[in-house]
Amino acid sequence: MQQDPCMGWPAPAKLNLFLHITGRRPDGYHELQSVFQFLSHGDTLDFRLLDEDRVCAEHALDGVDHDDDLTVRAARALKAATGHPGGVAIRVHKRLPMGGGLGGGSSDAATVLVALNALWETGLDDDALADMGLTLGADVPVFVRGHAAWAEGVGERLAPVSPPEPWYLVVHPGVMVPTGAIFTDPGLTRDCPPIKIADFLAGRAGNVCEPVVCRRFPEVAKALEWLQRQGVTARMTGTGSCVFGIFETEEVARAARDCLPGGWTGFVARGCNQSPLHRRRAQLQAVTASQE
Ligand SMILES: C[C@@](CO)(OP(=O)(O)O)[C@H](O)COP(=O)(O)OP(=O)(O)OC[C@H]1O[C@@H](n2ccc(N)nc2=O)[C@H](O)[C@@H]1O
Ligand SMILES: Nc1ncnc2c1ncn2[C@@H]1O[C@H](COP(=O)(O)OP(=O)(O)O)[C@@H](O)[C@H]1O
C-alpha cells in the first residue's frame, strides 16, 4: 500500500560526535567545530494541508508557546518567503527529549521546511531552505541538507563527511541542560586550536562542554561513567544532557540499555550518514515522477 504523502515524515535526532569551541563572534555566539551524524530514531510529523491561510500545531509541547513552536515558525517562514496562499495543521509525535542535545526542535523545523516545500510545491532548493533554517536555529541547516557533516561557524558551514555508522546507546540522565547557560560559563574552553577531520578520525577530539556540564549537572557525569564501565567509548552530545556510548553490535547496545539504572531513559539507534528525512523525500519524488 502506498504511504499517505502527508503522514509520517521523520525528524531524526543528531549526535555531535565531537564539539570544540574555537572562538567567539562579536555578537556573542561561539564558533564551533563539530561532526554531526543522524540517528535512526527521532520524532515523526504529520501534515494536514488547509485551503485557508492558517498555520497551526495540533500538538502541545511542555513549556513551548504555540507561536514559539519551531514547527509553526518554520511553516510561517516558508509561507512568507514563497507567498504560498494555503495553510497547514502540523502534528509532532515527540519521542526526543527536549533540551537533550539531540536537536529535536531543530530537526522538527527542518522536516517542516523540507516536507512542506514538497507538499506545497513551493520549489525552493536546499540552499534556500538551509538559509531559512538558520534564522530559526543554528542546527537547522544540517538537518535540511541531510548528510552527516563536518561543521564550522555556528554550525552553518557544512561539508559532507561519512564517518563509521555504529550502534549507539543514547542515555538521558533525567536532567535538562540549558544551552545558553553552558555557553556563558566562565570555565568553558573557548580557544581550541582548529583541527582537521583526520584528527577527529584518529580520536584526537572530544566535547569541550563536558567538564562544564558534568560540574553543574552531576547526573551527566554519572551517566558518562556508567557507559564507560560498560567498556565502550562514551561522550556527551552538544551541550547535553544526553550522552552516548559507541557499540559494535545492536545486541550488545540493547543488553546495556536493559541494565540502565532507574531514573534514566535510553534508546538504541544506528548512526546514519544520510538522513531518513531525505530518504522519505526521495520516495515521494519517485512516486510523483511515476505518476507523471
Ligand atoms: C552547540 C549545539 C551543537 O549542536 O548544541 P545543542 O543545542 O545541540 O546542545 C547547537 O549548535 C546549539 O544550537 P541551538 O540549540 O540552536 O542554540 P540556540 O538555542 O540558538 O542558542 C542558545 C544560546 O546559546 C548560545 N550559543 C549557541 C550556539 C552557539 N554557537 N554559540 C552560542 O553562544 C547563545 O547564547 C544562545 O542564545
Ligand atoms: N518543536 C519543538 N521541539 C522541541 N523543542 C522546541 C520545539 N519548538 C521550540 N522548542 C524549544 O527549543 C528548545 C531546544 O530543544 P531541542 O532542540 O529539543 O534540544 P537541544 O537544542 O538541546 O538539542 C526546547 O527546550 C524548547 O524550548
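Residues numbered from 1 in each chain as written. Chains lettered and ligands numbered in written order. Predicted model: local features only at pLDDT ≥ 70, side-chain atom pairs only at ≥ 80, totals over all residues.

### Examining unusual backbone geometry
Backbone geometry follows two general trends: most residues other than glycine have a negative phi, and most peptide bonds adopt the trans configuration.
Here comes step 1: Cis geometry marks the peptide bond from Gly240 to Ser241; its omega dihedral reads 10 degrees.
Here comes step 2: Tracing the backbone through its elements, the reader meets Ser241 in the loop between strand 8 (234-236) and strand 9 (243-247). (Helix = DSSP H or I, 4+ residues; strand = E, 2+ residues; numbered from the N terminus.)

### Remarks on helix 10 (residues 276-291)
Here comes step 1: The end-to-end C-alpha distance of helix 10, which contains 16 residues, comes to 23 Å, matching closely the 22 Å that a straight helix rising 1.5 Å per residue would cover.
Here comes step 2: Every buried residue of helix 10 is listed here: Pro276, Leu277 and Arg280. Here the buried residues of helix 10 occupy an arc of 115 degrees about the axis, which is enough to place them on one side. Along helix 10, exposed side chains directed more than 90 degrees from the buried face belong to Arg279, Ala282, Gln285, Ala286, Ala289 and Ser290. (Expected span 1.5 Å × (residues − 1). Buried ≥ 20, exposed ≤ 12 C-beta atoms within 10 Å, placed from the backbone. Arc of directions from axis to C-beta.)

### Quick look at the site of ligand 2
Here comes step 1: With respect to spatial proximity, 21 residues lie near ligand 2, and among them Leu70, Met98, Gly104, Gly105 and Asp108 are the closest.
Here comes step 2: No other element matches the 4 residues that helix 2 (residues 104-119) contributes to the shell around ligand 2.
Here comes step 3: For the shell around ligand 2, the per-class residue count stands at 7 nonpolar, 11 polar and 3 charged. (Near = placed C-beta within 6 Å. Nonpolar A, V, L, I, M, F, W, Y, C, P; charged D, E, K, R; others polar.)

### Thoughts on the domain arrangement of the chain
Here comes step 1: Splitting the chain by domain gives domain 1 (9-161) and domain 2 (167-272).
Here comes step 2: Placing the centre of domain 1 and that of domain 2 at their C-alpha centroids yields a distance of 22 Å.
Here comes step 3: On the side of domain 2, 32 residues touch domain 1, which itself brings 25 residues to the contact.
Here comes step 4: For the side of domain 1 that touches domain 2, the secondary structure elements donating two or more residues are strand 1 (9-24) and strand 2 (30-50). (Domains from an automatic or database assignment. Contact = placed C-beta atoms within 7 Å.)

### Some details on the nonpolar core
Here comes step 1: Among the nonpolar cores identified, the biggest contains 70 residues, and Ala75, Val112, Leu113, Leu116, Tyr168, Leu169 and Val243 are the most heavily contacted of them.
Here comes step 2: Looking at which domains feed residues into this core, each of domain 1 (9-161) and domain 2 (167-272) supplies at least three.
Here comes step 3: The residues touching Leu169, leaving out its near neighbours within four places in the chain, are Phe244, Gly245, Phe247, Ala253, Ala256, Arg257, Gly266 and Val268. (Core = buried A, V, L, I, M, F, W, Y, C linked by C-beta atoms within 7 Å.)

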